Amino acid sequence: GIGNGSITINGTGGTGQIKYAISPNLNQFFDVGDFQNLAPGSYDIIVQDQNGCFVYTTGISITEPSIIIPQIDPASVMPEICFGDNDGSFTVEITGGTSPYSVSLDQIKGPFTAGTATQTLFDFNGLSEGDHTVYILDANLCSAEISITLPASVKLYPTASVDYGCLNNVLSSTVTVSIDPSVTNPADVDYSLDGSGVFQPSNVFTNLTPGMHFIRARHSNGCEKDT
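Predicted, not measured: the structure shown is a model, and the values here were computed from it.

Participant: Can you break down the packing of aromatic side chains residue by residue, with the values?
Facilitator: Evaluation of the coordinates by the stated rule reveals 2 aromatic pairs. Where F30 meets F35, the ring centres are 6.1 Å apart and the plane angle is 80°; that geometry is what we call edge-to-face. On the basis of relative accessibility, which here comes to 35%, the residue F30 falls in the partly exposed class. The ring of F83 is capped by K155, whose NZ or CZ atom sits 4.5 Å from the centre of that ring.

Participant: So, the pattern of salt bridges: which residues are in play, and what are the values?
Facilitator: Counted under the stated rule, the structure contains 5 salt bridges. Put simply, D31 and K19 hold a salt bridge, and the shortest N to O gap is 3.9 Å. One end of the pair, D31, is in the loop between β3 (25–30) and β4 (34–38); the other, K19, is in strand β2 (residues 19–22), with 12 residues separating them in the sequence. For D31, a relative accessible area of 47% puts it in the partly exposed group. With relative accessibility at 34%, the residue K19 sits in the partly exposed group. The salt bridge involving R218 is made with D190; its shortest N-O contact spans 2.7 Å. Residue R218 is located in strand β19 (residues 215–219), and its partner D190 is located in strand β16 (residues 189–193); the two are separated by 28 residues in the primary sequence. You can call R218 partly exposed: its relative accessible area is 29%.

How each quantity is defined
Every chain begins its residue count from 1, and numbering advances along the sequence as written. Totals for whole chains, interfaces and linings use all residues, but because this is a predicted model, local features are given only for residues with pLDDT of at least 70 and pairs of side-chain atoms are given and counted only at 80 or more. Water and hydrogen atoms play no part in the side-chain values, which are based on all heavy atoms of the structure. Between rings of Phe, Tyr and Trp, where Trp is taken as its six-membered ring, a pair exists when centres lie within 6.5 Å; planes separated by under 30 degrees are stacked, by over 60 edge-to-face, and by other angles tilted. Relative accessibility thresholds used throughout: buried, under 20% of the residue-type maximum; exposed, over 50%; partly exposed, between the two (1.4 Å probe, protein chains only). Both a distance and an angle decide whether a charge sits over a ring: NZ of Lys or CZ of Arg must be within 6 Å of the ring centre and within 35 degrees of the ring normal. Think of a salt bridge as a Lys or Arg side-chain nitrogen and an Asp or Glu carboxyl oxygen that are within 4 Å of each other. Under the scheme used here, helices are H or I runs from DSSP no shorter than 4 residues and strands are E runs no shorter than 2 residues, and both carry numbers assigned from the N terminus.

What follows is the structure, given as structure tokens:
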């Protein structure tokens with residue numbers, strides 16, 4: 001789409017100065033047969049000497065590569081599960097343009113990572129939530145870009161508080177787990193004690209044995225954090 005094709009033609013022989021014309025203006029002659037900034041298409045050229053003898057050449061073709069088309073594979077999109085884990089990912093497929101391609105994530109000026117001669121799939125891993133943009137250059141330094149917004153991840157940050165009491169003259173304890181206020185629906189989180197694998201909807205545990213324990217908070221999106 002830049003329209004920067006060119007045709008250079010040199011004529012010899014004839015009589016006197018040789019001049020050149022190119023379609024669609026074949027009645028306009030130039031001293032030099034160097035034609036720049038041509039759009040894709042088919043061109044005719046006349047090479048003519050001062051006596052009017054000429055050679056008429058037809059069908060000189062200026063081509064252009066296809067546009068670069070990047071696409072994100074929907075099946076490849078993996079959000080960051082827990083905030084700060086940087087485990088989001090996605091894959092971009094690139095067609096068109098002129099391979100090989102080079103890519104840069106979130107850096108418009110690079111550095112760019114070059115793919116192999118036939119590579120069309122580029123994986124991006126270790127990503128946080130939010131907006132990401134892939135910048136693409138092909139072998140001709142033609143450019144394209146594509147953006148994606150990874151869904152917001154979950155902030156759990158569980159913390160435990162212990163309350164001690166006395167029940168029937170026996171020491172009792174109640175452990176309550178609090179999570180980040182960004183989790184607005186408590187039903188999205190359940191809890192497990194000491195890695196038992198048994199989860200309960202309540203964030204309260206009572207009468208634990210003396211000693212060290214840990215409680216795992218698990219969000220419905222798969223995020224798990226211990227306290």
